[in-house]
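Commentary on secondary and tertiary structure
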Amino acid sequence: MITCSAPGKVYLFGEHAVVYGEPAICCAVDIRTRVSVAPADSITISSSLGTTDIDFKTHPYVSAVVERFQDISSLEGVSISIESEIPVGSGLGSSAAVTIATIKALDALLGTGLELDDIARMGHEVEQRIQGAASQTDTYVCTMGGVVMIPQRKGLDLLDCAIVIGNTNIFSSTKELVANVAELNDKFPDVIGPVLSSIGMMSATGEVLVNAKDYVSVGKLMNINQGLLDAIGVGCSELSSFTYAARNSGAYGAKITGAGGGGCMVAIAPHECVSEVAAAIASAGGEVVVTKATDIGVRVE
Ligand code: PMV
C-alpha cells in the first residue's frame, strides 16, 4: 500500500483581485488529505462519503484522476481510500488536496514518473473537468507547498507564526461570488478597478513584509485587505464577527480566505496568543482550526 498526502491552503492576500490579473499570496497549511492506494482486481474508492466504483456523484475528483491514469497507464484495478483533515467546500483547497494526493499515489503505485509540474498540471485539468472553470492556484500551491506569489509562482519565506482558521460552515459558491464582483465592476468600473488594484498592491507590499518576517505589518495589511473584500461585497456578518474576535484577542490580522460570502476566515497570530484567538473565534460561533504554514507539498508518507 502507498499513502500520499497533500496540504490545504489559505490566501494571505489577493483573492478576487487575482481573477483580474493582480498578484495574490497563498500559503499551504498543515492540514492534510491522505490518500492510500493498493493493487486490487477492481476499482474501489472509499471515504467518509461511502465506498464506490468510479462515481462522479460521490467521488468526482478521484474518479476523474482514475480515468486519467486509465488513459496513460494499464490501470485496471486499484483500491483507494481517502482521509481528510481539510473541511470540504470551505475555500481551504480540499478538492485540490484530494486530487493532487490521488495523482501522486497512483503515480507512485504505477511508476508513471510524473514530475511535480506534471502533477500540478494534471490536477488543474481534473479540477477544470469537474468544476467547469478553475484557477491554477489551489492545485499549484497544494503540489508545491510553501508560501507562493500567484501568478508569478514565486516562493516566499515560510510564515513563522500561528495560523488560526474560523469556518462559518456557510456554503458559498465561488462561481457566484466571482460573478457578483464582475457585475459590480461593470457597474462602477472607476470605483471597483482601483479597489482591485489596491488589493494587488497589498500582495506586492506583503511579499516584502512576509520575507522580512514583519508579521505585525503583514497583519495590518490583511486587515486592510479585509476592508476591501467587504467593499466588493464578498463579506458576511459571521466572517466580520470572527475577524473582529480574532483581532481583539491578539491576532496580528484577520481576513476572509478564498471566495467569501461564507466559508472561512484566516487570522495570523503570535504563537503565545493562539488559544485566546481560537477561543474568541469559537465563542463568536466559528469552527476553529489551529494550524501553521507548511513547505511540504504533496508527498509519499
Ligand atoms: O474559495 P476558493 O478557495 O476557491 O478561492 C477563490 C478565489 C477567487 O479569487 C475568488 C477565485 C479564483 O479562481 O481565484
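**Some details on the nonpolar core**
Counting 86 residues, the largest nonpolar core has Leu12 and Leu159 as its most contacted members. If one sorts the elements of this core by residue count, helix H2 (residues 94-110) sits on top with eight residues. Looking at this core, you find at least three residues from each of domain 1 (2-155) and domain 2 (157-291). The residues touching Leu159, leaving out its near neighbours within four places in the chain, are Leu12, Cys27, Val147, Val210, Tyr215, Ile268 and Ala293. Within the second largest apolar cluster, 10 residues are counted, among which are Tyr11, Val18, Cys26 and Ala28.

**Comments concerning unusual backbone geometry**
Omega for the bond connecting Ile150 with Pro151 falls within 30 degrees of zero, at 5°, which places this linkage in the cis form. With respect to the secondary-structure elements, Pro151 resides in the loop between strand S6 (147-150) and strand S7 (154-156). Residue Asn169 is not a glycine yet carries a positive backbone phi of 60°. Secondary-structure assignment places Asn169 in the loop between strand S8 (162-167) and helix H5 (174-187).

**Some thoughts on the site of the ligand**
Close contacts around the ligand come from Lys9, Tyr11, Glu15, His16, Val18, Val19, Gly91, Ser135, Thr174, Val178, Gly258 and Ala259, and that covers them all. One nitrogen or oxygen atom from the main chain of Gly91 is found 3.2 Å from an oxygen atom belonging to the ligand. Between the ligand and the protein, one listed contact pairs an oxygen atom with a side-chain N or O atom of Thr174 at 3.5 Å. Of all the secondary-structure elements, those providing two or more residues to the shell around the ligand are strand S1 (2-13) and H5. Split by residue class, the shell around the ligand holds five nonpolar, five polar and two charged.

Rules used in this analysis
- Residues numbered from 1 in each chain as written.
- Predicted model: local features only at pLDDT ≥ 70, side-chain atom pairs only at ≥ 80, totals over all residues.
- Heavy atoms only, no water.
- Core = buried A, V, L, I, M, F, W, Y, C linked by side-chain atoms within 4.5 Å.
- Buried < 20%, exposed > 50% of the residue type's maximum accessible area, 1.4 Å probe, protein only.
- Helix = DSSP H or I, 4+ residues; strand = E, 2+ residues; numbered from the N terminus.
- Domains from an automatic or database assignment.
- Contact = heavy atoms within 4.5 Å.
- Near = heavy atom within 4 Å.
- Polar contact = N/O pair within 3.5 Å; in protein donor to acceptor, adjacent residues only side chain to side chain.
- Nonpolar A, V, L, I, M, F, W, Y, C, P; charged D, E, K, R; others polar.

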